[in-house]
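Examination of the molecular architecture
Given next are the chains, with one letter for each unit.
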Amino acid sequence: MIFRLMMLGMLFTAFGFGQLPDREKLEKVLIKDQTTAEGATQLIKHFQAGGQRTIMRNLPEMSKETRLKYAQMFMYQDLMRFRNTLNEAVAKVTDPDGRAMVLSMLATFGRNLAPIVFEPYANDETAPMKVRLAAMSGMIRVQNPQLYNKFIELCEEANIDPSLGPNDFEFVDISRKNNMGFYLYLRGKLSEPKLTDGMIKAAIHMSNHESVDVYEALLEKVKRKQIPWMIDHAAKVGGVKLLALMETHKKTKKKFATEVGKAKAAAQKVAPYLDKLMGKDADPNKFPLASVVPFRGKGSGAAPGYTAGIGVIRVAADGSMSLVEHVNPFGGSDNLAELVNGKTFPAHADWQPKESYYLIYAY
């Protein structure tokens, strides 16, 4: 009997584990050939969670643009088990976008991670604002009003002018879904007689396509120079309702009629895909992985203060990418069509590939 069990064990090893590819070789493929997703595809296919950890561990070894593409793979699942790997990564990744992205991954831990983890980055006055804001987005998950105020004060210095490049809120998640405490706190602040720039910037950024109440409160108090921020944001989030409000509001219906009209047309292109976007109904218990798609594109020539291009990416279950919507609502041109082509690593749930959709912007 013992001999039979030993033979079964040997056979299992020979025909089971023995069939797995060499993980170290796949790791080298992941880093060496960053223009394809072959390394990631094979790592997930054969090693699942182990392959995921391998990819995450190698984020510091990737180029800046590739790192952002791979980091967003993980944003829809419970990352707590990768805490040590991410802590190491945030120390090793020194470029602003990369560090901000890893901090935003740590921020998904919510109350499970003490603010002290983020404080060195949030309080570093020499650090780029996008890094400090990403760190603060982790600190405010503990739902402390003092930290909320500190975050709003930091927003005073943030840049959100799309025509000048990616905004400082790019790696900050203060959505109602993921930070209800802060959302309600700031929503209450909007009833105050005078709003600071920090309040306005944060409120615009936290607005989704249905945040009509937030936009109503803002329109009563924003200055003329701040209105393009609202128009541009509404276009990018598919905010048809937000722009319909602006079409009739006394502050915007005449002087910004052209811009609002262009933004609304763009939002109407984006809106049908909002319920299909990756993460909309992602179940963290099913190990959801997003596709490896471009993080952002490059654009030029748009009207000052507005985004050059807005697109919706579809990735089929076989990894084929396509740009199913692409608009340049405020003029200019971009490289989105050139970025979204060929095959890539597709989205997964329970380690099985599936179709997925993503918003992408060009600055």
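Residues numbered from 1 in each chain as written. Predicted model: local features only at pLDDT ≥ 70, side-chain atom pairs only at ≥ 80, totals over all residues. Heavy atoms only, no water.

When its secondary structure is counted, the protein shows 17 helices and 7 strands. The C-alpha atoms of the protein give 22 Å as radius of gyration, which agrees with the globular expectation for 363 residues (21 Å, within 12%). In the protein, which comprises 363 residues, the share counted as buried stands at 51%. When contacts within the protein are restricted to residue pairs at least 6 apart in sequence, those whose partners lie at least 24 apart make up 70%. Computing the positive centroid from 48 side-chain charges and the negative centroid from 39, the protein places the two 2 Å apart. (Helix = DSSP H or I, 4+ residues; strand = E, 2+ residues; numbered from the N terminus. Rg over C-alpha atoms; globule rule 2.2 N^0.38 Å. Buried < 20%, exposed > 50% of the residue type's maximum accessible area, 1.4 Å probe, protein only. Contact = heavy atoms within 4.5 Å. Lys, Arg positive; Asp, Glu negative; His and termini not counted. Charge placed at Lys NZ, Arg CZ, Asp CG, Glu CD.)

Right, let's get into helix α15 (residues 240-248). Quick reminder: α-helices carry 3.6 residues per turn. Residues three or four places apart thus point the same way. Within α15, burial applies to Leu242, Leu243, Leu245 and Met246. Axial view of α15: buried residues confined to an arc of 150°, hence all on one face. (Arc of directions from axis to C-beta.)

The next point concerns the pairing of strand β2 (residues 309-315). Along β2, 6 of the 7 residues are buried, which leaves the element largely enclosed by surrounding structure. Where β2 and strand β7 (residues 356-362) come together, 7 bridges link them in antiparallel fashion. Paired with isoleucine 310 across the bridge in β7 is tyrosine 361. Pairing between β2 and strand β3 (residues 321-327): 6 bridges, direction antiparallel. Along β3, the bridge assignment pairs valine 312 with glutamate 325. (Pairing = 2+ DSSP bridges.)

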